[in-house]
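Breakdown of the fold
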Amino acid sequence: MSARRTLSPSPSRPSAACACGRLRRASRALTQFYDAAMAASGVRITQFSLMRTLAREGTVRISDLARACLLDRTAMSRTLDPLVAQGYVRVAPGSDARTREVTLTRAGAAALDAAADEWKRAQATVARRIGRERLDALIATLAELESLHPDAAERD
């Protein structure tokens, strides 16, 4: 009988840790936490974030939305497709034949509002868990890391 080794994340040896690997694992953990906290709304955190961007920006070209979210067009389509199917966003031809524009619908705005309370509770839990000061510092650090994206100069 052989012993099976279980792998678990280890916070020890931080100097040996890969920043990207740790950030990706933390991102998956945080995404799963928010998705579970927001499950009753039927809106996943990725969808919530996208819908908040649309609520803030208004009608926007898909390519501009993808750029703002640091997603490629394929990933953007995978996120948009269920929102279109639910009637939360509308995709329509843009000002020329090569573009398509995305708009948050009234149903989408209502779903966003309904999910906002669950998001706020999840956000407050994260703040309590790691501390408001550390959460603010984390958000600021993540903004700095986003500037490493190859398209950052275009966005800024």
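Model, not experiment: these values are computed from the prediction.

1. Here we look at the sheet that holds strand 1 (residues 60–61)
With antiparallel pairing, the three strands of this open sheet are ordered in space as 1-3-2. Edge strands, defined here as strands with exactly one partner in the open sheet, are strand 1 and strand 2 (89–93). The pairing of strand 1 with strand 3 (residues 100–104) spans two bridges and is antiparallel. Opposite Arg61, over in strand 3, you have Glu101 as the bridge partner. Each of strand 2 and strand 3 touches helix 4 (residues 73–85); the most contacted strand, strand 2, lies at about 120° to it.

2. Digging into a nonpolar patch on the surface
Taken together, the side chains of Leu23, Leu145 and Leu148 present a nonpolar region at the surface, about 290 Å² in accessible area. Following the sequence through the fold, Leu148 ends up in the loop between helix 6 (132–146) and helix 7 (152–155). Here Leu148 falls in the exposed class, since its relative accessible area comes to 67%.

3. Some remarks on the packing of helix 1 (residues 19–37) against helix 5 (residues 106–130)
Across the interface, helix 1 lies against helix 5 with an axial gap of 9 Å and an inter-helix angle of 135°. Taken as axis vectors, helix 1 and helix 5 run oblique relative to one another. When the axes of helix 1 and helix 5 are compared, the crossing they make is right-handed. Contact with helix 1, carried on its side by Leu30, Phe33, Tyr34 and Ala37, involves Glu118, Trp119, Ala122, Gln123, Thr125 and Val126 of helix 5 and no other residues of that element. Split into classes, the residues belonging to the contact of helix 1 with helix 5 amount to seven nonpolar, two polar and one charged.

4. Description of helix 2 (residues 45–57)
Here helix 2 is 13 residues long and its end C-alpha atoms lie 18 Å apart, about the 18 Å a rise of 1.5 Å per residue gives. Listed as buried for helix 2 are Ile45, Gln47, Phe48, Leu50, Met51, Thr53 and Leu54. After helix 2 finishes, the residue Gly58 shows a positive phi value of roughly 80°.

5. A look at the pairing of strand 2
Pairing analysis gives five bridges linking strand 2 to strand 3, with the strands arranged antiparallel. In the strand pairing of strand 3, Val91 is matched with Val102. Counting the residues between successive antiparallel strands, the hairpin from strand 2 to strand 3 contains six residues.

6. Some thoughts on the pattern of salt bridges
The full count for this structure, using the stated rule, is six salt bridges. Taking the shortest distance from any N to any O, the salt bridge between Asp35 and Arg44 comes out at 2.9 Å. Ionic pairing is found between Arg67 and Asp64, a salt bridge with its closest N-O pair at 2.9 Å. Taken together, the residues Arg67 and Asp64, both in helix 3 (residues 62–68) and three residues apart, mark about one turn of the helix. Overlapping salt bridges, with partners in common, bring together Arg61, Asp64 and Arg67 in one network.

Rules used in this analysis
- Residues numbered from 1 in each chain as written.
- Predicted model: local features only at pLDDT ≥ 70, side-chain atom pairs only at ≥ 80, totals over all residues.
- Heavy atoms only, no water.
- Pairing = 2+ DSSP bridges.
- Helix = DSSP H or I, 4+ residues; strand = E, 2+ residues; numbered from the N terminus.
- Contact = heavy atoms within 4.5 Å.
- Axes fitted to C-alpha atoms, helices over the stretch in contact; angles between N-to-C directions.
- Patch = residues over 30% accessible without salt bridge, like charges linked within 9 Å, V, L, I, M, F, W, Y side chains within 5 Å.
- Areas by Shrake-Rupley, 256 points an atom, 1.4 Å probe, with all protein chains shown as cover.
- Salt bridge = Lys/Arg side-chain N within 4 Å of Asp/Glu carboxyl O.
- Buried < 20%, exposed > 50% of the residue type's maximum accessible area, 1.4 Å probe, protein only.
- Parallel < 35°, antiparallel > 145°, perpendicular 65-115°, else oblique.
- Left-handed = near helix turned anticlockwise from the far one by under 90°.
- Nonpolar A, V, L, I, M, F, W, Y, C, P; charged D, E, K, R; others polar.
- Expected span 1.5 Å × (residues − 1).

Geometric values such as these leave the question of function open.
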